[in-house]
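Reading the structure
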Amino acid sequence: MRLEGRVALVTGASHERGIGRGIALALAEEGADVACCDVAFEEQGEELVERIRGLGRSAAFYKADVSDRGQVDTLLERVQADLGPFWIVCSNAGVADWQPWAEITEESFDRIVGVNLTGAFNVGQAAARAMVANGNGGRIVFTSSVHVRMCFPSMAVYGATKQGVRALAETMAIELGRHAITVNHIGPGWVKSQLNDSSPGLRTKEDEEATLDLIPIRRPSEPIEQGRAVVYLCSSPDGDYVTGEYLQVDGGFVVGKY
Amino acid sequence: MPGVTTHGLAASLDEAVKQALVDVELPVVVAGVGSQSRAAFLELDQGEWGAAVDGARSAFFVARRAVASWLEEDSGGRVVFVVSTASVRPVHGTALEATVGGFLTTIGQVGAVELSANGITVNTVAHGWLEGEPEAFADGTPAGRLGRADEVAGAIAFLASPAASYVSGALLPVDGGFWITKAGGGSPLVR
């Protein structure tokens, strides 16, 4: 149990096939108490909380929209009041659209940037301020993406928000190191999450087979595998000296595609 | 009709770009993003964040609207995004320019993937610390001095020229070598 006694918050945690759930469960399996936040999928969120409690850990579900700073500040206050000072914050909530570059709409742009980029800033800054006030250091982990290393057509805004998160995480790592706060990001490849349900490149069995051909390990990632990478970054002493880093958990997708 | 549209550039850079691009053969958009705020990350306020994101938003949509018309006319064209070297190598106090610069770089690279077959290239210039920035940045820059606007404009002019017809999706730092190493000195942005 590498995270016993730690309190963690995970955003975008609820959906039964989502990466956030894998992160929440992996943290709980290593002994952390987990606040599970999502803007939707409340029933699945409550079910996740029950599973975490079944592991003998404390857990609670919180509904909040990370693109709204007021909601984020309230969320963090409530989590600390309910579960105690958090030491781990995983900014994972994300949305995607597929649109040709020259046809990207302002509505889609604003939605993706609001959740993926402004949401990351809101959660990252509010968490960092609280960790500094707590005076005990901490861990911040963003879910970025293989888009940080590789371009995917029709996903310009999504990919751009992830590159923005990469740069944000690096700047945060530089500035927060003296507070013993590490800031890293993980790069999932293909996960069969709800986010990918509307992917035009994954509509048929043949599409999936073609995608598997690009992945040396020849299968999609389970959400829990993303969570285990987060556990490593959040463990102490294992992760104490790792900051500003990008941990790609993609089955070799990026190296295989080149 | 070829023409040059500039957007979101600092005044001195905007002027230098217009001078350097007088003879373009294709329509060109040069759209930049950055932030005047050098606040520490913990002290950034919502307004500063919002302004930086709005800057990236308008830079993108200026380019995206131009590209839509180039596709319709089958004219080809060149997009050059302009970001700060902090987006490649962040330092203290650069959270905003690093983030929006990274954002714009990747949105441009995906554009390059989608548009290059239509004769439209999309590239990004990452400028270094230019004259007007704290002189102490010169100590951290291998070139040992701050950069000039015309040096950045020259790279943009190259990317807009026929010589760069096969350059698409590139990220060209014009920063005196800052992004590959820190030559010396502390960041003047540390508080």
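Above this note sits the structure.
Residues numbered from 1 in each chain as written. Chains lettered and ligands numbered in written order. Predicted model: local features only at pLDDT ≥ 70, side-chain atom pairs only at ≥ 80, totals over all residues.

1. With respect to the nonpolar core
Our working definition: For this analysis, nonpolar core means a set of buried Ala, Val, Leu, Ile, Met, Phe, Trp, Tyr and Cys residues linked through C-beta atoms within 7 Å. With C-beta atoms placed from the backbone, a residue is buried if 20 or more other C-beta atoms are within 10 Å of its own, exposed if 12 or fewer are, and partly exposed between those counts. Residue pairs qualify as contacts under a 7 Å threshold applied to their C-beta atoms, which are placed from the backbone.
Among the nonpolar cores identified, the biggest contains 134 residues, and Ala8, Ala24, Leu27, Val34, Cys36 and Val230 of chain A together with Ile156 of chain B are the most heavily contacted of them. The contacts of cysteine 36 of chain A, once residues within four sequence positions are left out, are Val10, Ala13, Ser14, Ala24, Gly45, Leu48, Val49, Ala59 and Phe61 of chain A.

2. Some thoughts on the interface of chain A and chain B
Heads up, the rule is: Numbered from the N terminus, helices here are DSSP runs of H or I no shorter than four residues, and strands are runs of E no shorter than two. Polarity classes work like this: nonpolar for Ala, Val, Leu, Ile, Met, Phe, Trp, Tyr, Cys and Pro, charged for Asp, Glu, Lys and Arg, and polar for all others, with Gly in that last group.
Taken together, the contact between chain A and chain B spans 33 residues of the former and 33 residues of the latter. Among the secondary structure elements, those contributing two or more residues to the side of chain A that touches chain B are α4 (106-134) and α5 (156-176) of chain A. Per element, the largest residue contribution to the side of chain A that touches chain B is 15 residues, and it comes from α5 of chain A. Looking at the side of chain A that touches chain B residue by residue, the classes come out as 21 nonpolar, seven polar and five charged.

3. Some remarks on unusual backbone geometry
Here serine 236 of chain A and proline 237 of chain A are connected by a cis peptide whose omega angle stands at 10°. With respect to the helices and strands, proline 237 of chain A occurs in the loop between α7 (223-234) and β7 (246-249).

4. Describing the sheet that holds strand β1 (residues 7-11) of chain A
Residues and elements named next belong to chain A. This is how it is decided: Any two strands between which DSSP finds at least two bridges are classified as paired. Axis definition: a line fitted to C-alpha atoms, over the contacting stretch in the case of helices. Angles run 0 to 180 degrees between N-to-C directions.
Strands sit in the order β3-β2-β1-β4-β5-β6-β7 across an open sheet of seven strands; the sheet is parallel. Across the chains shown, the open sheet's two edge strands, defined by having one partner strand only, are β3 (59-63) and β7. Going across the sheet, the axis of each strand differs from the next one's by a mean of 20°, ignoring polarity. Bridge analysis of β1 against strand β2 (residues 33-38) gives five bridges, and the strand direction is parallel. By the bridge assignment, leucine 9 is partnered in β2 with alanine 35. Across the sheet, helix α1 (residues 19-29) touches β1, β2, β3, β4 (88-91), β5 (138-143) and β6 (181-188), and the angle it forms with β1 is around 170°. Contacts from helix α3 (residues 69-83) reach β1, β2 and β3, with the element oriented near 160° to β3.

5. Side note on the pairing of β5 of chain A
Within a regular strand, the side chains alternate between the two sheet faces. Residues and elements named next belong to chain A. Our working definition: Look down the strands so they point away from you; if going from the first strand over the helix to the second traces a clockwise path, that crossover is right-handed.
β5 sits mainly inside the fold: six of its six residues count as buried. Of the two faces of β5, both are covered, the one formed by Gly138, Ile140 and Phe142 as well as the one formed by Arg139, Val141 and Thr143. Bridge count for β4 against β5 is four bridges, and the pairing is parallel. Each bridged residue has a counterpart across the sheet, and for cysteine 90 the counterpart in β5 is valine 141. Regarding the hand of the β-α-β motif, the stretch spanning β4, α4 and β5 is right-handed.

6. Details of α4 of chain A
Heads up, the condition is: Any helix carries an expected span of 1.5 Å times its number of residues minus one. Throughout, bend refers to the angle between the axes fitted to the seven residues that end at a position and the seven residues that start at it.
The first and last C-alpha atoms of α4 of chain A sit 39 Å apart over 29 residues, in line with the 42 Å expected at 1.5 Å per residue. A bend of about 40° at glycine 114 of chain A is the largest found in α4 of chain A.

7. Overview of the sheet that holds strand β5 (residues 171-174) of chain B
Residues and elements named next belong to chain B. On the basis of which strands lie adjacent, the open sheet formed by five strands has the order β1-β2-β3-β4-β5 and parallel pairing. At either end of the open sheet lies a strand with only one pairing partner, and these are β1 (4-7) and β5. Strand-to-strand twist across the sheet, computed as the mean angle between neighbouring axes with direction ignored, equals 20°. Looking at chain direction, strand β2 (residues 28-32) and strand β3 (residues 77-84) are connected through five bridges and run parallel. Directly across from valine 30, in β3, lies its bridge partner valine 80. Running at roughly 165° to β2, helix α2 (residues 46-73) makes contact with β1, β2, β3 and β4 (120-127) of the sheet. Together, β2, β3, β4 and β5 form the strand contacts of helix α5 (residues 149-160), whose direction differs from that of β4 by roughly 165°.

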